Amino acid sequence: MIFITAKWRIKPEHASRWPEISRSFTEATRAEPGCLWFDWSRSLEDENEYVLVEAFRDGEAGSAHVTSQHFHDARAQLPPYLAETPRIINAEIDQTGWSELGEMSVD
């Protein structure tokens, strides 16, 4: 799978509304056949930072995502709300889903 984590710093005046601002992009991405997950979390240390954790089935699904109309639209619509260019980690890993965190095993 293609596993991606990105940090998005939002302009302070828009941070509380970011889930609403990014909703159409989020919903369209989650509806893609190759999307495994696309989840936003807000930083506990910085209320203007959101972390996006996303995964796609394979490179073909990742390519379909970045060439989709909603991705194109997001590239035009979202940057005015950003304080800086998002930072990303993108890796291909030999997995299809989440593994258990053995060190925190719950009996």
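Attention in this report is confined to the structure presented alongside it. (Residues numbered from 1 in each chain as written. Predicted model: local features only at pLDDT ≥ 70, side-chain atom pairs only at ≥ 80, totals over all residues. Heavy atoms only, no water.)

**Section: the overall build of the protein**
And then number 1: Within the protein, the secondary structure is distributed over 4 helices and 4 strands.
And then number 2: Ordered by position in the sequence, the α and β elements of the protein form the string β-α-α-β-β-α-α-β.
And then number 3: Sorting the 107 residues of the protein into buried and exposed places 35% on the buried side.
And then number 4: If the 10 positive side-chain charges of the protein are averaged to one point and the 19 negative ones to another, these points end up 9 Å apart. (Helix = DSSP H or I, 4+ residues; strand = E, 2+ residues; numbered from the N terminus. Buried < 20%, exposed > 50% of the residue type's maximum accessible area, 1.4 Å probe, protein only. Lys, Arg positive; Asp, Glu negative; His and termini not counted. Charge placed at Lys NZ, Arg CZ, Asp CG, Glu CD.)

**Quick notes on the environment of phenylalanine 38**
And then number 1: Tracing the backbone through its elements, the reader meets phenylalanine 38 in strand 2 (residues 35–42).
And then number 2: Judged by relative accessible area, phenylalanine 38 falls into the buried class, the value being 1%.
And then number 3: Apart from residues lying up to four places away in sequence, phenylalanine 38 is in contact with Phe25, Thr26, Thr29, Arg30, Leu52, Val53 and Glu54. (Contact = heavy atoms within 4.5 Å.)

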